[in-house]
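# A closer look at the structure
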Amino acid sequence: MDIKNYIREIENFPKAGILFRDISPIFSNPKVFEFTVKKMSEKIIRLNPDYLVAVDSRGFILCSAIAYYLKIPMILIRKKGKLPPPTISEKYSLEYGEDYLEISSELNLQNKKVVVVDDILATGGTSAACIKLLEELSAEVLSLLFLIVLNDIPKEKLIDKYKTDTLLQL
């Protein structure tokens, strides 16, 4: 099955000059979604993580299905103001602006092995912020897993230090 056939490209969204990859058609087709979850799960199972880490917001959809499929607990990293306190936060840059991510500061992740799951790796700003938050909580980041990696966009240097896996490179 070619997942690329279920990804729409929308030019100039959310602002001029951005090519948005819409993965919604994957979620609206149960067979394609199941195939995607199984293929992503195959990339995680051999790592034997203690937790999967879901990134707000489309990463939640993928990660929750994978966590259920593999029976691995899941942790949420959310946009600022979406988690109850106490939290720690990290500023990050996007192709089209800046934002903050947060994680609960009450999580005991010391020496816990984690895999970060998200939909798309573009600049790596979101992933770099996730890594910083997880390391602040003393987690061991085993891998970053994405549905799509965009090859034509320069990445944050911090990402280079970590194993990165994907189903699609565009």
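Report follows, based on the coordinates. Since this is a predicted model, take the numbers as computed values, not measurements.

Reading across from one edge, 5-6-4-3-7-8-9 is the order of the 7 strands in this open sheet, with mixed pairing throughout. Since the sheet does not close on itself, it has two edges, and those belong to strand 5 (87-94) and strand 9 (164-169), each with one partner. The sheet shows a mean angle of 25° between the axes of neighbouring strands, direction not considered. As judged from the 4 bridges shared by strand 3 (residues 51-55) and strand 4 (residues 74-79), these two strands associate in the parallel manner. Bridge assignment links Leu-52 to a residue of strand 4, and that residue is Met-74. Strands in contact with helix 4 (residues 125-136) are strand 3, strand 4, strand 5, strand 6 (97-104), strand 7 (113-121) and strand 8 (140-149); relative to strand 5, the strand with the most contacts, it is inclined by about 160°.

A few words now on the packing of aromatic side chains. The final tally for this structure, using the stated rule, is 2 aromatic pairs. Note on Phe-13 and Phe-20: the rings are 5.1 Å apart at their centroids and 85° apart in plane angle, and the pair reads as edge-to-face. Under the relative-accessibility criterion, Phe-13 is labelled partly exposed at 43%. Between Phe-27 and Phe-33 the ring centres are 5.3 Å apart and the planes differ by 90°, which places this aromatic pair in the edge-to-face class.

The next point concerns the nonpolar core. Grouped together as the largest cluster of nonpolar side chains are 28 residues, with contacts concentrated most on Ile-44, Leu-52, Ile-66, Val-117, Leu-147 and Ile-148. With 7 residues, helix 3 (residues 58-70) is the single largest residue contributor to this core. Setting aside residues up to four positions removed in sequence, Leu-52 forms contacts with Ile-44, Cys-63, Ile-66, Ala-67, Ile-72, Pro-73, Met-74, Ile-75 and Val-115. Residues Ile-75, Tyr-92, Leu-134 and Val-149 belong to the second largest nonpolar core, which totals 27 residues.

Scoring rules and cut-offs
Starting afresh in each chain, residues are numbered from 1 along the sequence in its written order. Totals for whole chains, interfaces and linings use all residues, but because this is a predicted model, local features are given only for residues with pLDDT of at least 70 and pairs of side-chain atoms are given and counted only at 80 or more. Computation of side-chain values covers all heavy atoms of the structure but excludes hydrogens and water. The rule for pairing is simple: two strands pair if DSSP sees at least two bridges between them. Think of it this way: any DSSP run of H or I at least four residues long counts as a helix, any run of E at least two long counts as a strand, and we number them from the N terminus. Under this scheme, a helix contributes an axis fitted over its contacting stretch, all axes are lines through C-alpha atoms, and angles between N-to-C directions fall in the 0 to 180 degree range. Whether two residues touch is decided by their heavy atoms; if any such pair falls within 4.5 Å, the residues are in contact. The criterion for an aromatic pair is that two Phe, Tyr or Trp rings (for Trp, the six-membered ring) have centres within 6.5 Å, with stacked assigned to planes under 30 degrees apart, edge-to-face to planes over 60 apart and tilted to the rest. With a 1.4 Å probe rolled over the protein chains alone, any residue whose accessible area is under 20% of its type maximum counts as buried; one over 50% counts as exposed, and the rest are partly exposed. Residue types Ala, Val, Leu, Ile, Met, Phe, Trp, Tyr and Cys, when buried and joined through side-chain atoms within 4.5 Å, form a set referred to as a nonpolar core.

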